[in-house]
Amino acid sequence: MISEPEDVYSLGDKLYITVEGIRGGDSGNLNINLDCGNVSVNLLKISARAFSPEGGQSYSLPYKVLTSEDLEISSLSRIVGNCQVSVGVGDEKVSTDVFEISNNISIEASVDKLHYDPGEEITLSLSATKSNGHLVSGFVEGSNASDFSKEIENGALTEVFSMSDTAEAGAYVLNLFVYDVSEGDGILNQGLAKVLFKINQVPSFIDTGLSAVEITPEENLTISTDIYDQSGKEMDGDVSLLIVSPDGGEIQRTIKSGDFVALNFPLNATAGVWSIFSFFLEINEEDEFEILELQKAEFEFQGSILIVKNVGNARYQKNVDVKIGDTLEELVLNMDIGEER
């Protein structure tokens, strides 16, 4: 009779075997073997003469560690899978039930939420268990979305990391590789997992374009706007424009990102530096342009009366020649904006 092993072993575990009812002989050996598929590893060989032919003796095998050094095999991959322990003396042989030797680590991993802003802290929670149910004391390596290497103690780890402030918006995958090691074999048991999270698209700046920085009244000014996210990619949205004149007058417009709007300024538009404020959510930009001074007057006869009106945006300071028949008269004008004489 042979003692039954556990249902599952992980690499690096200790395997204990007890044999009862051994009957010796004058030749041959007592062989205890680990049989895994087509591979048979001898765990113990003792001469059959060491046991009484009367039978009824027992033997307990000092534990074998499931490592290549203790089993004296070149590669542990040869014993991964379904196995049995067999004991034979001469023609008599007995085997255990089938059990499993595994090198797998089961991983449960998650982050504290699904969506993050660029640069925001991301908290990873991880638990790792070997196939035998024991907690992993080993290491985890993160890659792809973030690169790190940390030690796992008692099967658990919490890691805080963040993406770059300029990380492109979209879905990211964090790859996790968990393993434990032995001095002679290196990696014994291992497991892989993936964690998915998303980086939000966050508007970072507005680019406001002007067709000119100096215009004269009755000229068009074309204003374009583009919204860019943290990675420099253009994004959709409606930009609010506030155009403020030097005397405090306001013009408001709404424009889609990537589009433009044309403004036409009347002859009497206030001369000087105008400000353009562009707003989208919590970001804004300020730009300036200048409306140049324009001296312009309209002349009209009402019967024998000459009507002169300053229709420009600056004082009209010019001399005007008026010819009546052969008589030439010069008018020296200094008229305020909108003034009529």
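Preceding this section is the structure that the text describes.
For clarity, every value in this text was computed on a predicted model and none was experimentally measured.

This part takes up the sheet that holds strand E18 (residues 214-215). Think of a sheet as strands paired side by side through backbone hydrogen bonds, with each pair either parallel or antiparallel. The strand order across the open sheet built from five strands is E18-E25-E24-E21-E22, with neighbouring strands paired in mixed fashion. Because the sheet does not close on itself, it has two edges, and the strands there are E18 and strand E22 (250-256).

If you walk through the whole model with that rule in mind, you get one disulfide. Between the sulfur of Cys36 and that of Cys83 lies a disulfide, 2.0 Å long from S to S. Between Cys36 and Cys83 the sulfur-sulfur dihedral comes to about 115 degrees; the bridge is accordingly right-handed. Taken as a pair, Cys36 in strand E3 (residues 29-36) and Cys83 in strand E6 (residues 81-89) lie far apart in primary sequence, 47 residues in all. Like Cys36, the residue Cys83 is buried in the burial classification.

By size, the foremost hydrophobic cluster in this structure holds 31 residues, and its most contacted members are Ile32, Leu34, Ile79 and Ile101. When contributions to this core are tallied by element, the ones reaching two or more residues are strand E2 (14-22), E3, strand E4 (39-47), E6 and strand E8 (99-102). Here this core gets five residues from one element, more than from any other, and that element is E4. Ignoring sequence-local partners within four residues, the contact set of Ile101 consists of Tyr9, Leu11, Leu34, Cys36, Leu66, Ile79, Val80, Gly81 and Cys83. Residues Val111, Tyr116, Ala128 and Val140 belong to the second largest nonpolar core, which totals 25 residues.

Quick look at unusual backbone geometry now. Most peptide bonds adopt trans geometry, and most residues besides glycine take a negative phi value. The backbone of Asn144 sits at a positive phi, close to 80 degrees, despite the residue not being glycine. Along the chain, the position of Asn144 falls in strand E12 (residues 138-144). Since its relative accessible area comes to 55%, Asn144 is described here as exposed.

Within the secondary structure, Asn33 is located in strand E3. Given a relative accessible area of 17%, Asn33 falls into the buried group. A distance of 2.8 Å separates a polar atom in the side chain of Asn33 from a polar atom in the side chain of Asn42. Once residues within four sequence positions are removed from consideration, Asn33 is found in contact with Ser40, Val41, Asn42, Leu43, Gln84, Val85 and Ser86.

What counts and how
Residues numbered from 1 in each chain as written. Predicted model: local features only at pLDDT ≥ 70, side-chain atom pairs only at ≥ 80, totals over all residues. Heavy atoms only, no water. Pairing = 2+ DSSP bridges. Helix = DSSP H or I, 4+ residues; strand = E, 2+ residues; numbered from the N terminus. Disulfide = S-S within 2.5 Å. Buried < 20%, exposed > 50% of the residue type's maximum accessible area, 1.4 Å probe, protein only. Core = buried A, V, L, I, M, F, W, Y, C linked by side-chain atoms within 4.5 Å. Contact = heavy atoms within 4.5 Å. Polar contact = N/O pair within 3.5 Å; in protein donor to acceptor, adjacent residues only side chain to side chain.

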